[in-house]
Amino acid sequence: MSLLELRNVAGGYGQSRVLHDIDLTVEEGHVAVVLGANGAGKTTTLRAISGIISVSGEIRFDGKAITGKGPEAVSRLGIAHVPQGRGTFSELTVEDNMRIGALNRRDKEVERDLQHWYDLFPRLGERRKQEAGSMSGGEQQMLALARAMMSRPRLLLLDEPSLGLAPLVTRELFTHLGDLNRQNGLSILVVEQNANLALDIGHWGYVLETGRIAVQGPAEQLHDDEAVRKAYLEF
Amino acid sequence: MQLFINQILNGIGNGVVFASVALALVLVFRTTGVLNFAQGEMALFSAYVSWKLTTTGMPVWAAIAVSMALSFVAGAIIERTLIRPMEGRSPLNVVIITLGLFLGINALVQLIFGTDPQTMPSPFPEGSVPFLADTRIQKDTIGLMLVLLVECLALWLLLNRTSLGLKLRAVAANPDSARLHGIKAGTMLMFGWGLSAAIGALAGSLVASERSALDASLMQAVLVYALASAALGGFDSIWGAVVAGLAVGIADALTIQYVDALDGIEVVLPLGLILVVLVVMPNGLFGKRTVERV
């Protein structure tokens, strides 16, 4: 059984349909990569999963249907969504941002986790008392990742995490994502324009084109497929 | 010197009231981003409810507590039924709604409770205790200050030391992102409005008991002074609202005593203050400067 399954998912915003018949799965412990041009429906797919927009078709998480559930309910099931723009709580301190990630937890290990992520991202630890909105884009992206991890998710949804980041920072970010997947067994669904880096850590890739899955396959294969590269990835 | 100290004490008494209403304004603004022009009139309605309860023989403190509880519920209902439907539309819509509430609630008060002035009993003991330089300080001024202090402390603890407070602040800062973290944003907005209505109820009841008469115009001047205090304090700072409220109260008392030119038009002071603050330091004394990088 796959951790996340989308079957015949279609929908969009009001009258305009963005997604037509999306079939997509994320296996437990895998990284799935969704590639595609602007407007292909990548962000909309993530929004459909986390319940920000309602769609037709079926979305199953851990075997249970979550179609029609709102974002509050979906997040409580263990799906953490880092949206485009990183979802920073700008006026709040870095530490408050981190604690927001853990608000739904009932265990006693929140403090330990906090320290763990501060150790992994020392910049966040140094700036824990600072307003989150005053940090650089790269730091805010690390914060978004750490905040999402504070909820101890089973599935992480990432919407173009490299957007607006310097190449070196992007590389560092994907190194962290790869580590989280390999060492913690975290399942990830990442939407990216930076296909090279994403496919490097990915197991399975999808290319989205005008709301449909145009091509899919093992990440390595997509990475090396000349036709896919030319037609969809433009690199 | 005695006169001066007495005026300062008068100013503090009024300032505490301004600060309490400013607190309610700041709380709604901080948790929901709305400037509620009807805050004063909501407090007026609550004050009448407190008064009505005391006429049934209920002790004053109990009456105020019941009124606060009812106001909490009413505030939450107002958010859900009148403010929420405006979500995603121009902020002007919400401003118009709160102005409509301002007029509507005032009319409702006169309709339900009549237009005759009433007397709200004071929850504080009468009399005074010795203070500096042969002056005396009224026991109710001390009482008001204690209430304000407890109120601020409780609010500050709630917002900064509890997970409920963190949820409230998260929704205020970024409602979409808050939802993605499992926070029920709608519930938090209702809670913010309810809480501020309850604080307003306390403030309104205390104003009513301080002043000689409770009538439908009670809170209108108070609201202007409270808006001035909130602006001076920075609109998102609890302690800012309190310090500014006291400052505005004292400045007002001294103006009345020493500036004859403004005799009868003292309300120029808060209005002028709002203007100066907006022009010279839009973030107030204690407000955070909005810093944002992308």
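Residue numbers here run from 1 along each chain, matching the order of that chain's written sequence. In the order they appear in the text, chains get letters beginning with A and ligands get numbers beginning with 1. Local features in a predicted model are, by the rule used here, given only for residues with pLDDT of at least 70; side-chain atom pairs are given and counted only at 80 or more, and totals for whole chains, interfaces and linings are based on all residues.

1. Observations concerning the overall build of chain A
Move 1: A count of helical and extended segments in chain A gives 10 helices and 10 strands.
Move 2: Atoms counted for the radius of gyration: C-alpha only. Globule rule: 2.2 Å times residue count to the power 0.38. In terms of overall dimensions, chain A is globule-like: its C-alpha atoms have a radius of gyration of 17 Å, near the 18 Å expected for 235 residues.
Move 3: Each principal axis of the C-alpha distribution contributes one length, and for chain A these read about 45 × 35 × 35 Å.
Move 4: In chain A, which comprises 235 residues, the proportion classed as buried is 46%.
Move 5: In this description, any two residues whose backbone-derived C-beta atoms lie within 7 Å of each other are considered to be in contact. Long-range pairs, those at least 24 residues apart, make up 67% of the contacts in chain A with a sequence separation of at least 6. Secondary structure elements follow DSSP: runs of H or I no shorter than four residues count as helices, runs of E no shorter than two count as strands, and numbering proceeds from the N terminus. Counting other C-beta atoms within 10 Å of a residue's C-beta gives its exposure: the residue is buried at 20 or more, exposed at 12 or fewer, and partly exposed in between, where C-beta atoms are placed from the backbone.

2. Section: the environment of Ser56 of chain A
All names here are of chain A.
Move 1: By the secondary structure assignment, Ser56 is in strand 4 (residues 56-61).
Move 2: Taking the C-alpha atoms as reference points, Ser56 and Asn8, 48 residues apart in sequence, are found 7.6 Å from one another.
Move 3: For Ser56, the contacting residues outside a window of four places in its chain are Ala10 and Gly11.

3. Comments concerning the interface of chain B and chain A
Move 1: Listed per partner, the contact involves 19 residues of chain B and 25 residues of chain A.
Move 2: Ranked by residue count, the leading element in the side of chain B that touches chain A is helix 6 (residues 163-173) of chain B, at six residues.

4. Here we look at the sheet that holds strand 5 (residues 64-65) of chain A
All names here are of chain A.
Move 1: Pairing between two strands is assigned when DSSP locates at least 2 bridges connecting them. Ordered in space as 2-1-4-5, the four strands form an open sheet in which the pairing is antiparallel. At either end of the open sheet lies a strand with only one pairing partner, and these are strand 2 (16-26) and strand 5.
Move 2: Bridge analysis of strand 4 against strand 5 gives two bridges, and the strand direction is antiparallel. When the sheet's bridge partners are listed, Phe61 is paired in strand 5 with Lys64.
Move 3: Angles run from 0 to 180 degrees between N-to-C directions of axes, and those axes are lines fitted to C-alpha atoms, restricted for helices to the stretch in contact. Helix-sheet contacts for helix 1 (residues 42-49) involve strand 1 (4-13), strand 2 and strand 4, and the interaxial angle to strand 2 is about 70 degrees.

5. Some details on helix 1 (residues 2-32) of chain B
Move 1: Its 31 residues place the ends of helix 1 of chain B 44 Å apart at the C-alpha level, agreeing with the 45 Å of an ideal helix rising 1.5 Å per residue.
Move 2: With 23 of 31 residues buried, helix 1 of chain B lies mostly within the body of the structure. By this rule the span expected of a helix is its residue count minus one, scaled by 1.5 Å.

6. What to know about the packing of helix 2 (residues 39-55) of chain B against helix 3 (residues 60-83) of chain B
All names here are of chain B.
Move 1: Interhelical geometry of helix 2 versus helix 3 gives an angle of 140 degrees and a closest axis separation of 8 Å. What the angle tells us is that helix 2 and helix 3 run oblique. For the pair helix 2 and helix 3, the crossing hand works out as right-handed. Here helix 2 contributes Met42, Ser46, Val49, Ser50, Leu53 and Thr54 to the contact with helix 3, which in turn contributes Val60, Ala63, Ile64, Val66, Ser67, Leu70, Ser71 and Gly75.
Move 2: Residue polarity is assigned by list, with Asp, Glu, Lys and Arg as charged and Ala, Val, Leu, Ile, Met, Phe, Trp, Tyr, Cys and Pro as nonpolar; anything else, Gly included, falls into the polar class. Tallied by class, residues from the contact of helix 2 with helix 3 come to eight nonpolar, six polar and no charged. Orientation labels follow simple angle bins: below 35 degrees gives roughly parallel, above 145 gives roughly antiparallel, 65 to 115 gives roughly perpendicular, and whatever is left gives oblique. Should the near helix be turned anticlockwise from the far one by less than a right angle, the crossing is termed left-handed; should it be turned clockwise, right-handed.

7. Describing the pairing of strand 9 (residues 204-209) of chain A
Residue and element names in this part refer to chain A.
Move 1: Where burial is concerned, most of strand 9 is hidden: five out of the six residues are buried.
Move 2: With five bridges joining them, strand 3 (residues 31-36) and strand 9 adopt parallel strand pairing. For Leu35, the partnering residue across the bridge sits in strand 9 and is Val207.
Move 3: Relative to strand 10 (residues 212-218), strand 9 is paired through six bridges, and the arrangement is antiparallel. Bridge pairing in strand 10 links Tyr206 to Gln216.
Move 4: In sequence, strand 9 turns back onto strand 10 through a hairpin of two residues, with Thr210 there showing a positive phi of about 35 degrees.

8. Describing helix 6 of chain B
Move 1: Within helix 6 of chain B, eight of the 11 residues are buried, which leaves it mostly tucked inside the rest of the structure.
Move 2: Of the positions making up helix 6 of chain B, those classed as buried are Leu166, Lys167, Leu168, Arg169, Ala170, Val171, Ala172 and Ala173 of chain B.
Move 3: Where helix 6 of chain B is buried, its residues contact helix 3 (94-101) of chain A together with helix 1, helix 5 (139-161), helix 7 (175-180) and helix 8 (185-210) of chain B.

9. Observations regarding the domain arrangement of chain A
Residue and element names in this part refer to chain A.
Move 1: The domain limits used here are those given by an automatic or database domain assignment. Domain boundaries in chain A define domain 1 (4-78 + 154-233) and domain 2 (89-152).
Move 2: Counting residues at the interface gives nine residues for domain 1, matched by six residues for domain 2.
Move 3: For the side of domain 1 that touches domain 2, the element with the most residues is helix 7 (residues 167-184), which contributes three residues.
Move 4: Class assignment for the residues of the side of domain 1 that touches domain 2 results in six nonpolar, two polar and one charged.

10. What about the confidence of the model for chain B?
Move 1: Confidence of the predictor at the level of single residues is given by pLDDT, which spans 0 to 100. Across chain B, the average pLDDT comes to 90, with 98% of residues at 70 or higher.
Move 2: Taken over the whole predicted complex, pTM reads 0.88, whereas the ipTM for its chain interfaces reads 0.92.

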